[in-house]
Amino acid sequence: MARVTHNGQVDVTNASSFTYDSLGGHRPYHLGPNDDFQDIQFKQQPHRTWTAGPRLDYDDDTTTRDPAIPENPEGLKDPSLLVGPWEEQPTVRVTNAVFKGVNGSVVGAQAGTIAKLPCVIQNRADHETVSWIRLRDHHLITVGRQTYSKDARFSVNYDRHRNEWTLHLRYAQARDAGEYVCQLSTHPPMVFISTLTITQASAEIAGGPERYVQEGSSVVLNCSLRQHTQPPEYVFWYHNRTMINFDTNRQVSVRKTMDGSILTLAAVGRTDSGNYTCHPAHARHASITLHIIADSSLSLLRTPQQGK
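About the criteria used
- Residues numbered from 1 in each chain as written.
- Predicted model: local features only at pLDDT ≥ 70, side-chain atom pairs only at ≥ 80, totals over all residues.
- Heavy atoms only, no water.
- Helix = DSSP H or I, 4+ residues; strand = E, 2+ residues; numbered from the N terminus.
- Buried < 20%, exposed > 50% of the residue type's maximum accessible area, 1.4 Å probe, protein only.
- Contact = heavy atoms within 4.5 Å.
- Areas by Shrake-Rupley, 256 points an atom, 1.4 Å probe, with all protein chains shown as cover.
- Pairing = 2+ DSSP bridges.
- Disulfide = S-S within 2.5 Å.

Novice: Can you help me understand the overall build of the protein in this one?
Specialist: Along the backbone of the protein there are two helices and 25 strands. The buried share among the 308 residues of the protein stands at 31%. Put simply, of all contacts in the protein between residues at least 6 apart along the chain, 58% involve residues at least 24 apart. Total accessible area on the protein is roughly 21,500 Å²; 51% of this is exposed by carbon and sulfur atoms.

Set out below in structure tokens:
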């Protein structure tokens, strides 16, 4: 069988017949003994493909439209007109954790004391981490049980039995007031906000600022705190500039109360006159001036009355 090469030549080595394709169909050729194959050339017919196109002389549009889809040529320029505005699906939070307490609750603390902000979380998973953040500057304070703040006054206490993470702030000051966030590392995160308020406690002595007492009588000075959040750790009493709480040489007794202290002076004399100051812990102090009146002074006061 002869073979046709790519350039139209025929390879007739050991061939006695051959065929070729044309538009007329498949035609066989049988070679005689005197035929010269070099004179035979084949012109390959190109492959033709018919493509259907619109008829230029046909104006009617017979395209089938879905009546549910309105015509919107502007949508070709702005795809959002076709599909509408993009609406992001809300993220589903997968967790069993629940905060306990009132979100946004106010926690009061006295200046100079330890402020405690509790955060109770029930059903928290082991991989869910609790963090404390100061909201005003988004300052990260703690993560888990580790403290990341440079302010050494901050620490966190974890009570496993109560599922409570409490932020501690020692020596709280007025500048520490504001919102603090207890955040749980769910997706998206869960938050519990506490508002810290700082009050400045002050002492007050009843009957001040001056008192007159007769020599030899007993004197009771009652010092109480105003705007305090907890009982004072201690209350020091000063006579002029000397602390007298533990003065064994004088008939002095000090009794601590829930909101202050009571100083009792038995059988006061002239040396007991002067300034007395009540100085509670983490509160502004208060003072009173004690005047001791001798018996002779009282006699002078009664003389004009006796003359009448």
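Novice: Even after reading the chapter, I still don't get the sheet that holds strand S6 (residues 105-110), so can you show me in this structure?
Specialist: The strands making up a sheet associate through backbone hydrogen bonding, with each pair oriented either parallel or antiparallel. Strand order across the open sheet formed by six strands is S6-S15-S14-S9-S10-S11, with mixed pairing between neighbours. Edge positions in the sheet fall to S6 and strand S11 (146-147), since each has one partner strand and no second. Sheet analysis places strand S14 (residues 178-184) next to strand S15 (residues 190-199), joined by seven bridges and oriented antiparallel. From the neighbouring strand, Val181 faces S15, where its bridge partner is Ile193.

Novice: I tried to follow the state of the cysteines on my own but got confused; where do I start?
Specialist: Here a disulfide denotes a covalent bond joining the sulfur atom of one cysteine to the sulfur atom of another. Per the counting criterion, the structure on display carries two disulfides. Residue pairing for Cys119: its cysteine sulfur links by disulfide to Cys182, the two sulfurs lying 2.1 Å apart. Because the torsion about its S-S bond is -80°, the bridge between Cys119 and Cys182 counts as left-handed. Separated by 63 residues along the polypeptide, Cys119 in the loop between strand S7 (115-117) and strand S8 (120-122) and Cys182 in strand S14 bring together distant segments of the chain. On the basis of relative accessibility, which here comes to 0%, the residue Cys182 falls in the buried class.

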